[in-house]
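# Inside the fold
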Amino acid sequence: MSETDSDSKPRGRGIGGRSGGPSRSGFGGGRTKPVVVEKKRKRVVTPPGGGAKPAAGAGTLQVKPRAQQPAQARQPEAPKPAEQQQQQKPQPKGRGKMLGALSEEEYSRRLEALKQAKKDDVQREKREAEDADRRRAEDAERARREAEDADLKRKEEDERKRAEAEAVETKRKEEAEAAQHEAAKADASAQAESPDARPAEDDRRAKGRGAAPKKQAQQEKPSRGRGGDERRRAGKLTISKIGADEGGRQRSLAAMRRRQERQHRKSSGSNEPREKVVRAVTLPEAITVQELANRMAERVADVIKALMKNDIMATQNQSIDQDTAELIIEEFGHRVTRVSESDVENVLTTEDDDEGAMVSRAPVVTIMGHVDHGKTSLLDALRKTDVVAGEAGGITQHIGAYQIETEGGHKVTFLDTPGHAAFTSMRARGAQVTDIVVLVVAADDSVMPQTIEAINHAKAAGVPMIVAINKIDRPGADPQKVRTQLLQHEVVVEAMSGEVLDVEVSAITGEGLDKLVDAIVLQSELLELKANPDRPAEGAVVEAKLDVGRGPVATVLIERGTLRTGDIFVAGEQWGRVRALVNDQGERIDEAGPSVPVEVLGLQGTPEAGDVLNVVEDEGRAREIADYRQRKAKEKQNVTGGRATLDQLMAQAKAG
Ligand code: GDP
Ligand code: MG
């Protein structure tokens with residue numbers, strides 16, 4: 001219970017009528033007994049103050065003595081304070097009303113004495129504290145020395161020390177007692193002071209009473225505890241002891257560990273401090289701290305530290321600019337090779353081939369149209385028109401694109417892209433692979449939403465269209481209706497005196513397929529499609545997948561140049577070395593020229609449909625470009641905050 005608690009309680013009782021009863025029944029235990037005595041005396045004193053005030057005055061007064069009582073209770077051999085108190089009690093009142101009890105001089109003299117006493121007290125306490133510190137230090141010193149001595153000697157020392165400690169203890173006790181006397185005295189006189197001064201007084205008193213024994217305990221414990229400890233640990237080899245052997249200071253655990261490691265390394269004879277390897281660091285326009293560390297083969301923490309030294313606070317995932325990165329690279333003693341976006345693109349930008357090198361190439365055809373209008377059926381039917389395959393007794397399609405040879409010796413490449421999304425996404429990725437769009441419209445169903453969509457895509461891409469009016473074998477087929485409806489969407493077919501070729505076909509019966517192929521060939525001749533096969537290959541990834549047995553596999557449509565086995569290439573964010581080329585009939589081939597769809601094996605990762613494939617001179621360059629693109633993609637992802645939101649997707653779809 002705090003003093004304030006005990007303060008408030010009696011006050012309430014004091015007001016309520018405190019004719020001795022409460023004190024007796026009161027707080028129980030030995031603590032209260034002296035209180036009873038005190039109070040009675042006080043009450044005797046109070047009345048002379050006279051008037052109505054005493055009740056309140058007594059209330060305030062009682063607070064102090066009660067709080068103070070315990071000290072006296074513990075020290076029955078010190079009756080002096082009690083006496084003093086008795087005498088001084090009236091004093092506070094005297095200030096206001098009982099001046100008669102004490103003369104002015106007497107009052108000020110006592111106040112003086114009290115102040116002096118307080119000062120002395122504080123000084124003594126300070127001295128005591130200093131003494132204790134010194135003694136403690138001495139003890140510690142002694143204990144340390146002991147540790148070095150033999151057991152016998154230590155025992156002797158111990159004995160002596162304990163005796164000393166005891167002496168100290170008795171001395172302390174005396175001191176504490178004296179302090180308590182002082183405190184009691186001070187207490188008593190404190191009543192003479194204004195109530196405002198009391199809290200501080202209480203505080204001090206508490207110190208006088210409580211702190212001294214505590215100090216004593218502190219003093220005792222370490223000296224004894226350490227002695228015992230020392231004895232107990234005498235035979236053990238502790239880390240601190242090892243440290244002590246080395247000299248005065250104790251070595252840290254980490255230092256110990258380092259030393260151990262060093263010794264371990266020495267004994268194993270291997271890991272000599274590695275020689276610094278100077279690396280050529282390819283530095284793009286922006287690089288993350290982690291990537292920079294990776295490229296220098298330094299620890300990320302070291303790089304961050306180096307950045308800090310240059311007043312740059314960056315986490316390992318943050319990007320720093322080229323200049324800063326160069327500074328850091330030089331600080332680590334590596335060589336810098338700057339790369340910029342333009343550098344990367346420079347390698348890939350392909351200057352136009354001169355006319356002489358150009359050779360005509362097969363058209364690349366994409367079939368588009370509304371669902372169930374017969375795209376797949378038509379692709380299948382067209383494949384069967386392949387003269388080579390016809391001889392072989394039909395082929396099965398292996399990859400998402402195939403090439404046929406017409407009866408006239410022309411070659412046509414068909415892209416089997418799944419729907420319009422692929423077409424647009426490929427276009428968005430910069431792969432404009434389609435030369436001609438075949439728009440399939442079912443004669444019995446006419447123009448439908450996806451038909452219109454396909455028209456818009458083709459127009460946006462600037463790709464010429466050929467309308468295939470399908471399912472003319474169906475009873476409800478109305479090709480004319482299709483033509484008129486297409487007019488509404490600004491697709492004017494030849495039959496309507498327009499320029500768009502239109503063919504009536506049936507994927508099921510095969511009717512009109514030859515005409516469709518003829519139309520395609522005709523259209524491609526109008527387009528004058530040409531490419532230079534004698535140059536590093538460039539193509540578009542039509543589809544890509546991670547094959548269980550073969551690893552990442554990409555179907556690539558070569559646009560120009562010739563792709564050969566062993567070529568090193570970049571495909572989007574991936575790179576690779578051509579391990580094998582597989583054609584649309586599942587046969588291994590050594591090379592693939594313009595407009596040839598081919599399956600490419602040997603990628604490091606799986607690219608995406610629409611990625612552009614570029615053959616580059618060496619692996620380093622391939623890695624560099626792929627890394628750069630990956631980083632850029634990551635940055636872009638960071639900017640957009642990771643995954644696209646639904647709104648973003650909608651916006652993208654609209655933009656597409
Ligand atoms: P896709 O969704 O555009 O690929 O259309 P499909 O090629 O899957 O064809 C949808 C349905 O139409 C299938 O059941 C085909 O058999 C049928 N079909 C496709 N072309 C023709 C055709 O020329 N004549 C008839 N009668 N049915 C066809
Ligand atoms: Mg289909």
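See the structure above.
All figures in this text were calculated on a predicted structure; none of them were measured in a lab.

## Remarks on the site of ligand 1
The full set close to ligand 1 counts 15 residues, and D372, K375, T376, S377 and D473 are the nearest of them. Contacts to ligand 1 include S377, whose side-chain N or O atom sits 2.6 Å from an oxygen atom. Take S506: an N or O atom from its side chain is 3.4 Å from an oxygen atom of ligand 1. For ligand 1, whose accessible area on its own is 570 Å², the fraction buried by protein is 74%. Sort the elements by how many residues they give to the shell around ligand 1 and helix 16 (residues 375-383) lands first, with three residues. Partitioned by chemical class, the residues of the shell around ligand 1 number three nonpolar, seven polar and five charged.

## Some words on the packing of aromatic side chains
Pairs of aromatic rings are described using the distance from one ring centre to the other and the angle between the two planes. This model, assessed by the stated rule, comprises one aromatic pair. Pairing Y402 with F414 gives two aromatic rings, centres 5.6 Å apart and planes at 35°, and the pair type is tilted. Here the residue Y402 occupies a position in strand 7 (residues 401-405), and F414 occupies one in strand 8 (residues 411-415), the gap between them amounting to 12 residues. Residue Y402 is classed as buried on the basis of its relative accessible area of 1%. On the basis of relative accessible area, F414 is assigned to the buried category, the value being 0%. Over the ring of Y402 we find R383, and its NZ or CZ is 4.8 Å from the ring centre.

## Some remarks on the sheet that holds strand 7
Ordered in space as 7-8-6-9-10-11, the six strands form an open sheet in which the pairing is mixed. Strands with a single pairing partner mark the edges of an open sheet, and in this sheet they are strand 7 and strand 11 (501-504). Along the sheet, successive strands turn relative to each other by an average axial angle of 25°, direction set aside. Direction of pairing for strand 7 relative to strand 8: antiparallel, over a ladder of five bridges. Residue pairing for strand 8: Q403 is matched across the bridge by T413. Across the sheet, helix 20 (residues 479-487) is in contact with strand 9 (436-442), strand 10 (465-470) and strand 11; its angle to strand 10 comes to roughly 145°.

Rules used throughout
- The residue count restarts for each chain, going from 1 along the sequence in the order it is written.
- Each chain gets a letter, beginning with A, and each ligand a number, beginning with 1, in the order they are written.
- Local features in this predicted model are restricted to residues of pLDDT 70 or higher, and side-chain atom pairs are both shown and tallied only at a pLDDT of 80 or more, whereas totals for entire chains, interfaces and linings draw on every residue.
- Just so you know, side-chain values use all the structure's heavy atoms and leave hydrogens and water out.
- By convention in these notes, a residue is near a molecule or strand provided one of its non-hydrogen atoms lies within 4 Å of it.
- Definition of a polar contact: a pair of N or O atoms within 3.5 Å, with one able to donate and the other able to accept a hydrogen when the atoms are protein atoms, and with sequence-neighbouring residues admitted only if both atoms are side-chain atoms.
- Computed with the Shrake-Rupley method and a 1.4 Å probe, the accessible areas treat only the protein chains shown as cover for residues.
- Labels follow the DSSP assignment, with helices taken as runs of H or I lasting at least four residues and strands as runs of E lasting at least two, numbered in each case from the N terminus.
- Polar here means any residue outside two lists: the nonpolar Ala, Val, Leu, Ile, Met, Phe, Trp, Tyr, Cys and Pro, and the charged Asp, Glu, Lys and Arg; Gly therefore counts as polar.
- Ring geometry is summarised as follows: Phe, Tyr and Trp rings, the Trp one being its six-membered ring, pair when their centres sit within 6.5 Å, and such pairs are stacked at plane angles under 30 degrees, edge-to-face over 60 and tilted between the two.
- In this scheme, a residue with accessible area under 20% of its type's maximum is buried, one over 50% is exposed, and one in between is partly exposed, where area comes from a 1.4 Å probe on protein chains only.
- Charge over a ring is defined by NZ of Lys or CZ of Arg lying within 6 Å of the ring centre and within 35 degrees of the ring normal.
- Two strands make a pair as long as DSSP finds a minimum of two bridges between them.
- A fitted line through C-alpha atoms serves as each axis, taken over the contacting stretch for helices, and the angle formed by two N-to-C directions is quoted from 0 to 180°.
- Contact between two residues is taken to exist if any of their heavy atoms lie within 4.5 Å; hydrogens are not considered.

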